[in-house]
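Inside the fold
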Amino acid sequence: MNFIRLLSTTCLFLTKRTRMLALMTVREKVAFFLLKEARGQKSQKIVLPRSRQEIADSFGIQKYSLKRVLAEMEKEGILMVDGREITILKPEELK
């Protein structure tokens, strides 16, 4: 049972990772990440746990693409970015 549980957990992780890398747009990846961090930090005001370069690398995108999407979301009034601190103003827009 432990072996099956371990395989199931690994399979679930890999499925989610593949879906995120292959099927989501850059904007969807960023939105998913921000919502996940907000849930984890239990706040609409989140502090990025890693550098933008590390986050972009985990998404399989360029750092400038990440910065561009964050800037677009900020211009649309969805977020407010202040260095490593991001405040989600309209969480419903990220879903």
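Source: prediction; values computed, not measured.

Right, let's talk about the pairing of strand β2 (residues 79–82) for a bit. Two strands pair when backbone bridges link them, and β2 and strand β3 (residues 85–88) are joined in this way by four bridges, in the antiparallel orientation. When the bridges of β3 are listed, methionine 80 appears paired with threonine 87. Hairpin connection of β2 to β3: two residues between the antiparallel strands, including glycine 83 at a positive phi of 65 degrees.

A few words now on the packing of helix α2 (residues 26–41) against helix α4 (residues 63–75). Two numbers describe how α2 lies on α4: the axes approach to 10 Å, and their chain directions differ by 75 degrees. Looking at the two axes, α2 sits roughly perpendicular to α4. Only Ser65, Leu66, Val69, Leu70, Glu72 and Met73 of α4 make contact with α2, whose side of the interface consists of Val26, Arg27, Val30, Ala31 and Leu34. Of the residues assigned to the contact of α2 with α4, the class counts are eight nonpolar, one polar and two charged.

With that settled, the discussion passes to the pattern of salt bridges. For the structure shown, the criterion picks out three salt bridges. One salt bridge in this structure joins lysine 45 and glutamate 85, with 3.5 Å as the shortest N-O distance. With lysine 45 in strand β1 (residues 45–47) and glutamate 85 in strand β3, this pair connects stretches of sequence that are 40 residues apart. Exposure remark for lysine 45: the relative accessible area of 47% places this residue in the partly exposed category. Taking the shortest distance from any N to any O, the salt bridge between glutamate 72 and arginine 68 comes out at 3.8 Å. Note that glutamate 72 and arginine 68 are positioned in helix α4 at a spacing of four residues, about one turn of the helix.

A word on the sheet that holds β3. The antiparallel open sheet is built from three strands, whose spatial order is β1-β3-β2. Either end of the sheet is taken by a strand with one partner, and the two such strands are β1 and β2. Averaged over neighbouring strand pairs, the angle between their axes works out to 20 degrees when direction is ignored. Sitting on the sheet, α4 is in contact with β2 and β3, with an inclination near 125 degrees to β2.

On to the confidence of the model for the chain, then. For the chain, the average pLDDT comes to 90, and 96% of its residues sit at 70 or higher. Per-element confidence in the chain ranges from a low mean pLDDT of 83 for helix α1 (residues 2–23) to a high of 96 for β3.

Cut-offs used in this document
Residues numbered from 1 in each chain as written. Predicted model: local features only at pLDDT ≥ 70, side-chain atom pairs only at ≥ 80, totals over all residues. Heavy atoms only, no water. Pairing = 2+ DSSP bridges. Helix = DSSP H or I, 4+ residues; strand = E, 2+ residues; numbered from the N terminus. Axes fitted to C-alpha atoms, helices over the stretch in contact; angles between N-to-C directions. Parallel < 35°, antiparallel > 145°, perpendicular 65-115°, else oblique. Contact = heavy atoms within 4.5 Å. Nonpolar A, V, L, I, M, F, W, Y, C, P; charged D, E, K, R; others polar. Salt bridge = Lys/Arg side-chain N within 4 Å of Asp/Glu carboxyl O. Buried < 20%, exposed > 50% of the residue type's maximum accessible area, 1.4 Å probe, protein only. pLDDT = per-residue confidence, 0-100.

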